Amino acid sequence: DAGITQSPRHKVTETGTPVTLRCHQTENHRYMYWYRQDPGHGLRLIHYSYGVKDTDKGEVSDGYSVSRSKTEDFLLTLESATSSQTSVYFCAISRLAGVETQYFGPGTRLLVL
Amino acid sequence: QQQVKQSPQSLIVQKGGISIINCAYENTAFDYFPWYQQFPGKGPALLIAIRPDVSEKKEGRFTISFNKSAKQFSLHIMDSQPGDSATYFCAASILNNNDMRFGAGTRLTVKP
């Protein structure tokens with residue numbers, strides 16, 4: 001998985017609680033992404049980062065926030081988890097934007113009860 | 001609104017057969033079209049990609065066919081093997097843009 005780790009790999013939480021997912025890379029790639037994967041929707045971009053402290057929203061950003069204080073770490077926070085945020089979350093990295101391969105991490109399976 | 005539409009949702013092919021997955025896109029600004037392969041419990045991995053300046057790209061048993069005027073592209077897997085059983089995603093993006101759009105995925109099963 002191209003030097004990308006995600007933690008935790010599995011999490012069960014309750015509605016209304018905050019949740020933070022971590023993505024860590026050892027490739028020194030500039031761009032980092034958070035996607036969610038749901039049946040029938042493929043992968044949808046939540047947020048991305050184009051450098052330390054530089055982030056922007058993706059297609060489905062409502063209810064999520066991100067932070068990147070170091071090149072290697074990109075955090076995704078669900079401020080108040082809802083059942084609709086039950087999903088598999090993937091982190092991805094790339095050297096360039098748009099026309100460069102994105103390398104995906106192993107995913108985090110999140111269940112919100 | 002899904003900008004990349006993928007079909008079929010699932011596909012069953014006999015070993016040695018040809019698997020064909022189709023995608024159609026709406027945004028004519030897209031200029032990078034990758035295909036990703038995903039095995040259960042794993043993240044997607046790039047399989048093959050094409051730019052719109054060519055109509056076909058082949059890598060081993062995998063071929064992308066691209067029709068710019070029809071805004072369609074497809075993945076052909078020749079001599080399909082049971083090890084090819086996975087979910088395949090097409091995607092599209094724009095140069096210098098971080099918003100890659102994915103199709104909904106096709107679950108391929110190759111029967112021995």
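Here is a short report on the structure shown in this document. Bear in mind the structure is a predicted one, so any value in this text is a computation, not a measurement.

Focus: the pairing of strand S11 (residues 106–111) of chain B
All names here are of chain B.
Part 1 of the reasoning: Only one face of S11 is covered, namely the face carrying Thr-106, Leu-108 and Val-110; the face carrying Arg-107, Thr-109 and Lys-111 is uncovered.
Part 2 of the reasoning: Here strand S2 (residues 10–14) pairs with S11 via 5 bridges, running parallel. For Val-13, the partnering residue across the bridge sits in S11 and is Val-110.
Part 3 of the reasoning: The pairing of strand S9 (residues 86–92) with S11 spans 3 bridges and is classified as antiparallel. Looking at the pairing, Ala-86 lines up with Leu-108 of S11.

Section: the nonpolar core
Part 1 of the reasoning: By size, the foremost hydrophobic cluster in this structure holds 24 residues, and its most contacted members are B:Phe33, B:Trp35, B:Phe73, B:Leu75 and B:Tyr88.
Part 2 of the reasoning: Every element with two or more residues in this core is listed here: S2, strand S3 (19–25), strand S4 (33–38), strand S5 (45–50), strand S7 (62–67), strand S8 (72–77), S9 and S11 of chain B.
Part 3 of the reasoning: Among the elements that make up this core, the one with the highest residue count is S9(B) (4 residues).
Part 4 of the reasoning: In this structure, B:Phe73 is in contact with B:Ile21, B:Asn22, B:Cys23, B:Tyr25, B:Phe33, B:Trp35, B:Ser65, B:Phe66, B:Cys90 and B:Ala91, ignoring residues within four places of it in sequence.
Part 5 of the reasoning: Core analysis: the next-biggest nonpolar cluster, separate from the first, contains 19 residues, A:Met32, A:Tyr64, A:Cys91 and A:Ile93 among them.

Considerations on the sheet that holds strand S6 (residues 56–59) of chain B
Hydrogen bonds between backbone atoms are what pair the strands of a sheet, whose relative direction is either parallel or antiparallel.
Residues and elements named next belong to chain B.
Part 1 of the reasoning: The 5 strands are arranged S1-S3-S8-S7-S6 in an open sheet whose pairing can be described as antiparallel. Because the sheet does not close on itself, it has two edges, and the strands there are strand S1 (4–7) and S6. Each neighbouring strand pair of the sheet contributes to a mean axis angle of 15°, computed without reference to strand direction.
Part 2 of the reasoning: In this structure, S1 lies alongside S3, joined through 4 bridges in antiparallel fashion. Bridged to Ser-7 within S3 is Asn-22.

Remarks on the interface of chain B and chain A
Part 1 of the reasoning: With 25 residues of chain B at the interface, the matching set in chain A holds 22 residues.
Part 2 of the reasoning: Per-residue buried area on chain B facing chain A is highest for B:Pro44, B:Asn98 and B:Phe102; these three make up 32% of the total on that side.
Part 3 of the reasoning: For the salt bridge of B:Arg101 with A:Glu59, the shortest nitrogen-to-oxygen distance reads 3.5 Å.
Part 4 of the reasoning: Linking chain B to chain A there are 3 residue pairs in polar contact (both at pLDDT 80 or more).

Points about the packing of aromatic side chains
Part 1 of the reasoning: By the definition in use, this model includes 19 aromatic pairs over all chains.
Part 2 of the reasoning: Pairing B:Tyr25 with B:Phe30 gives two aromatic rings, centres 6.2 Å apart and planes at 65°, and the pair type is edge-to-face.
Part 3 of the reasoning: Using a relative accessible area of 5% as the deciding quantity, one classes B:Phe30 as buried.
Part 4 of the reasoning: Site record: aromatic cluster; members linked through ring pairs are A:Tyr33, A:Tyr35, A:Tyr48, A:Tyr50, A:Phe90, A:Phe104, B:Tyr36 and B:Phe102.

Remarks on the pattern of salt bridges
Part 1 of the reasoning: Tallied over the full model, the rule gives 8 salt bridges over all chains.
Part 2 of the reasoning: Ionic pairing is found between B:Arg101 and B:Asp99, a salt bridge with its closest N-O pair at 2.8 Å.

Regarding the pairing of S7(B)
All names here are of chain B.
Part 1 of the reasoning: Bridge analysis of S6 against S7 gives 4 bridges, and the strand direction is antiparallel. Directly across from Lys-58, in S7, lies its bridge partner Thr-63.
Part 2 of the reasoning: Hairpin connection of S6 to S7: 2 residues between the antiparallel strands, including Gly-60 at a positive phi of 65°.
Part 3 of the reasoning: Two elements, S7 and S8, share 6 bridges in a ladder whose sense is antiparallel. Bridge pairing in S8 places Asn-67 opposite Gln-72.

Concerning the sheet that holds strand S3 (residues 19–25) of chain A
All names here are of chain A.
Part 1 of the reasoning: Reading across from one edge, S1-S3-S8-S7 is the order of the 4 strands in this open sheet, with antiparallel pairing throughout. Whereas interior strands pair on both sides, the edge strands pair on one side only; in this sheet they are strand S1 (4–7) and strand S7 (64–70). On average, adjacent strands in this sheet sit at an angle of 20° to one another, irrespective of strand direction.

Observations regarding unusual backbone geometry
Part 1 of the reasoning: Cis geometry marks the peptide bond from A:Ser7 to A:Pro8; its omega dihedral reads -10°.
Part 2 of the reasoning: Its location among the elements puts A:Pro8 in the loop between S1 and strand S2 (10–13).
Part 3 of the reasoning: Phi angles above zero are rare outside glycine, and A:Lys53 is one such case at about 70°.
Part 4 of the reasoning: Relative to the assigned elements, A:Lys53 resides in the loop between strand S5 (42–51) and strand S6 (54–57).
Part 5 of the reasoning: Despite not being glycine, B:Lys71 shows a phi value in the positive range, around 55°.
Part 6 of the reasoning: Tracing the chain through its elements places B:Lys71 in the loop between S7 and S8.
Part 7 of the reasoning: For B:Lys71, a relative accessible area of 28% puts it in the partly exposed group.

Criteria and cut-off values
Residues numbered from 1 in each chain as written. Chains lettered and ligands numbered in written order. Predicted model: local features only at pLDDT ≥ 70, side-chain atom pairs only at ≥ 80, totals over all residues. Heavy atoms only, no water. Buried < 20%, exposed > 50% of the residue type's maximum accessible area, 1.4 Å probe, protein only. Helix = DSSP H or I, 4+ residues; strand = E, 2+ residues; numbered from the N terminus. Pairing = 2+ DSSP bridges. Core = buried A, V, L, I, M, F, W, Y, C linked by side-chain atoms within 4.5 Å. Contact = heavy atoms within 4.5 Å. Axes fitted to C-alpha atoms, helices over the stretch in contact; angles between N-to-C directions. Buried area = accessible area lost by both parts, 1.4 Å probe. Salt bridge = Lys/Arg side-chain N within 4 Å of Asp/Glu carboxyl O. Polar contact = N/O pair within 3.5 Å; in protein donor to acceptor, adjacent residues only side chain to side chain. Phe/Tyr/Trp six-rings, centres within 6.5 Å; stacked < 30°, edge-to-face > 60°.

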